[in-house]
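# Chains, contacts and geometry: an overview
Chain by chain, the residues run as shown.
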Amino acid sequence: MPSLFSASPFSAPFSASFPSRDSVVAALRAAGCVFAEDEAELLLAAARTAEELTALVDRRVAGLPLELVLGWAEFRGLRIAVAPGVFVPRRRTEFLVTEALAHAPDAAVVVDLCCGSGAVAAALAAGLDRPEVHAADVDPAAVRCARGNLVAAGGRVYAGDLFAALPDAVRGRVDILAANVPYVPTGEVGLLPAEARDHEPLVALDGGTDGLDVLRRVAAEAPRWLAPGGCLLVETSERQAPAAVDTFVRAGLTTRLAVCEELYAHVVIGVAE
């Protein structure tokens, strides 16, 4: 692919000066970036040289998610490192963290299943008083990424399938169990925006025929891992919420649905007896 600026006034040697903010905005807007002005500011701040800026903008114009171009995503005020092949944390998932902290502000043991980059665990650790933090993911790329993001929190990250990845010493002690499970129905994965469909792992998106396969597995086993009064929190869609709530109830959890209209976020919360 030719350089973004190859046919622009910036085809002259870049050592002279940076391309202007307006030119970056124009290039991003032409590529269909809805928030071109905001993205331009981030790309300009990230580039140390004109050549770096050109490379960053070219990658964004080619369709790479902004977070992967920058190498980080903002999540509840934290800068979370992300890498190719790792699920990018969504702003709506911040609501799950808010609900978890409201329910268990003194949580001592936190587990983040399907952790991806480890954003949820990092945000929970930042909002609590030095909790014991555990996280797990089946994807090795996610595990590597999460380990880097959870170093400061002293978090331990495991590779494996859901609860099978966790140490037995955690069983029955978990105050907050966050599980941002994949919940896109298999038949709808192809309808996702290209940024997700083409650049994020299928295992982090595909939730099975009705999107609830992994949620059901987590809910069924969660009571054996939660401490008395501990809570399980799972994000889902508005359409799936009634079935997800029923799944939690059948697992023996005291259940409620929390909704944030602003973020279009739906979180099912189940509390162990």
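Just above, that's the structure.
Quick look at the structure, then. Computed from a predicted model, the values in this text were never measured in an experiment.

## Examining the pairing of strand 9 (residues 265-271)
Along any regular strand, the residues point their side chains to alternate faces of the sheet. Judged by how many residues are buried, strand 9 sits mostly within the fold: seven of seven residues are covered. Side chains Ala 265, Val 267, Ile 269 and Val 271 project from strand 9 onto one buried face, and the interleaved His 266, Val 268 and Gly 270 project onto a second face that is buried too. Pairing between strand 7 (residues 226-236) and strand 9: six bridges, direction antiparallel. Within strand 9, the position partnered with Cys 231 by the bridge is Val 271. Of the strand pairs in this sheet, strand 8 (residues 254-260) and strand 9 are connected by seven bridges, and their pairing is antiparallel. When the sheet's bridge partners are listed, Arg 256 is paired in strand 9 with Ile 269. Following strand 8, the chain reverses through four residues before pairing antiparallel with strand 9; Tyr 264 in that reversal takes a positive phi of roughly 50 degrees.

## So, the environment of Gln 240
With respect to the helices, strands and loops of the structure, Gln 240 is situated in the loop between strand 7 and helix 10 (241-250). Between the C-alpha atom of Gln 240 and that of Leu 42, which follows or precedes it by 198 residues, the distance is 35 Å. The residues contacting Gln 240, other than those within four sequence positions of it, are Tyr 183, Pro 185, Asp 210, Gly 211 and Leu 212.

## Considering the sheet that holds strand 6 (residues 174-179)
A sheet is described by the order of its strands in space; here seven strands give the open sequence 5-4-3-6-7-9-8, paired in mixed fashion. With one partner strand each, in any of the chains shown, strand 5 (156-159) and strand 8 form the two edges of the open sheet. Taking the axes of each pair of neighbouring strands and ignoring which way they run, one obtains an average angle of 15 degrees across the sheet. As paired strands, strand 3 (residues 109-113) and strand 6 are joined by four bridges and run parallel to one another. Within strand 6, the position partnered with Val 111 by the bridge is Leu 177.

Cut-offs and rules
- Residues numbered from 1 in each chain as written.
- Predicted model: local features only at pLDDT ≥ 70, side-chain atom pairs only at ≥ 80, totals over all residues.
- Heavy atoms only, no water.
- Buried < 20%, exposed > 50% of the residue type's maximum accessible area, 1.4 Å probe, protein only.
- Helix = DSSP H or I, 4+ residues; strand = E, 2+ residues; numbered from the N terminus.
- Pairing = 2+ DSSP bridges.
- Contact = heavy atoms within 4.5 Å.
- Axes fitted to C-alpha atoms, helices over the stretch in contact; angles between N-to-C directions.

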